[in-house]
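What the coordinates show
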Amino acid sequence: MALAASLALLAGCALPRGAAVQSEILKQADKDNPSFQVVEVTRANMPLIAAWPQTGSVLENRWLATATGAEQSVIQAGDLVDIRIWDSQENSLLTNAAEKSTVLPNVQVGADGAIFLPYVDEVFIRGMTPASARKRIQEKLEAIVPTAQVQVSLTEGRGNAIEMVSGVAKPGSYPMPSRNYKIFGLIADAGGVSPTLKNPLVRLIRQGSTYEITARTMMEDGRYNTLLMPGDSVIIEEDYRTFTGIGASSRQTLVTFPKDDINALEALSLIGGLYDVRADPTGVMVLREYTPKQLSSSANRPNMQQVVFTFDMTTADGLFAARQFQIYPDDVVLATESPLAGLQTLLSIINSGVTTTQRTAAAANAF
């Protein structure tokens, strides 16, 4: 009687589930006017799918190759120079009898690239090395102090520095020690990339243009050790690209890309794999949305904005295809629930009800 009552009760209600069943999703595609496209992914059609447009937040994938600069600093507007002038002549215009030299400290290079010197007026030194500036100043002084000798020392201003904005132990403004200052050196001087960032991205902003690359890719290849320029800004931040894992998987979460590219098999691993009790290995899906401009009636592009890619993980063909299929930012990886999971839940509930009835009957017989 208890078993019959349990079956009658369960027949009139829906059992709770953790994920959709594959047939429930795909039946929408069989309608006369489906709202999405279904594509079964196999090794045979993977080359065609791989040629479809990329979706989601796309890395700029532009980065400047390395180069070699001068080992000396170059004077820029806003820099400060200390100028010491020696003159051994009596009654010198620039020195006195007690001291044969005079110092002009903290002379700022103006926006026009010039500094002012007494008796000489303006001297243009922007773009010169300190050694070249010393020769230029001494040449200008020869007309009034023929025997003068000049020494120039440079203190670089912000216009001759790199802004290390974030993602390192010591962010701040870093003066360029030479024109051969490269990004590896800057990151090292700033204390290295923060270890808490997941797949950190390095972004270089130069004169209104932005270049970005993952730190992993940059560090693996010396060709990406970009030569820095005055005024550059460098930002290091966590990869902003994510995908969502839902359904009958061990983890249902928003996942940050751990490297430049990940495939469908890796995505399943990142969400903890299929939940072996409830998941349907023949019904793994990737839900993706394209823009209207990316659509076409030809096979070379999707023909609907919303596309459901399906994988059968019980076959070698499906596994190899999943390894070739690239996950894009904002994709949804869905592990559908096995139809047998509902039956297992039903049997579990019935078994629990029968056990409870047996225990009740045994307790009654004890009195």
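Details of the structure are given in the entry above.
Quick caveat: nothing in here was measured; it's all calculated off a predicted structure. (Residues numbered from 1 in each chain as written. Predicted model: local features only at pLDDT ≥ 70, side-chain atom pairs only at ≥ 80, totals over all residues. Heavy atoms only, no water.)

1. What about the packing of aromatic side chains?
What the rule picks out here adds up to 5 aromatic pairs. For the pair Trp 52 and Phe 309, a centre-to-centre distance of 6.0 Å together with 55 degrees between the ring planes defines the contact as tilted. Linking Trp 52 in the loop between helix 3 (46-50) and strand 2 (80-86) with Phe 309 in strand 16 (residues 306-311), this pair joins segments that are 257 residues apart in sequence. You'll find Trp 52 and Phe 309 in the same group, each marked buried. (Phe/Tyr/Trp six-rings, centres within 6.5 Å; stacked < 30°, edge-to-face > 60°. Helix = DSSP H or I, 4+ residues; strand = E, 2+ residues; numbered from the N terminus. Buried < 20%, exposed > 50% of the residue type's maximum accessible area, 1.4 Å probe, protein only.)

2. Some points on the pattern of salt bridges
If you walk through the whole model with that rule in mind, you get 8 salt bridges. Residue Asp 232 is joined to Arg 206 by a salt bridge in which the shortest nitrogen-to-oxygen separation is 2.6 Å. With Asp 232 in the loop between helix 6 (215-220) and strand 11 (233-237) and Arg 206 in strand 9 (residues 201-206), the pair connects residues that are 26 residues apart, well separated along the chain. Classification of Asp 232 by relative accessible area gives buried; the value is 1%. (Salt bridge = Lys/Arg side-chain N within 4 Å of Asp/Glu carboxyl O.)

3. Some remarks on the sheet that holds strand 2
The sheet built from 3 strands is open, its strands ordered 3-2-6 with antiparallel pairing. Each edge of the open sheet carries a strand with a single partner, namely strand 3 (101-108) and strand 6 (149-155). With strand direction ignored, the average angle separating the axes of adjacent strands in the sheet is 15 degrees. In the packing of helix 4 (residues 130-141) onto the sheet, the strands contacted are strand 2 and strand 6, and the crossing angle to strand 6 comes to about 140 degrees. (Pairing = 2+ DSSP bridges. Axes fitted to C-alpha atoms, helices over the stretch in contact; angles between N-to-C directions. Contact = heavy atoms within 4.5 Å.)

4. Comments concerning helix 8 (residues 316-324)
All buried positions along helix 8 are accounted for by Gly 318, Ala 321 and Ala 322. Angularly, the buried residues of helix 8 cover 100 degrees about the axis, an arc narrow enough to put them on a single face. (Arc of directions from axis to C-beta.)

5. Observations concerning unusual backbone geometry
Backbone geometry at Asn 106 places phi at a positive 50 degrees, although glycine is not the residue there. In the Ramachandran plot, Asp 330 falls in the positive-phi region, its phi being about 75 degrees despite a non-glycine side chain. Along the polypeptide, Asp 330 turns up in the loop between strand 17 (326-327) and strand 18 (332-337).

6. Quick look at the environment of Asp 87
Summarising the element assignment, Asp 87 is placed in the loop between strand 2 and strand 3. The buried category is assigned to Asp 87, whose relative accessible area is 2%. With 58 residues separating them along the chain, Asp 87 and Val 145 place their C-alpha atoms 7.5 Å apart. Side chain to side chain, Asp 87 and Thr 147 meet in a polar contact 2.6 Å long. (Polar contact = N/O pair within 3.5 Å; in protein donor to acceptor, adjacent residues only side chain to side chain.)

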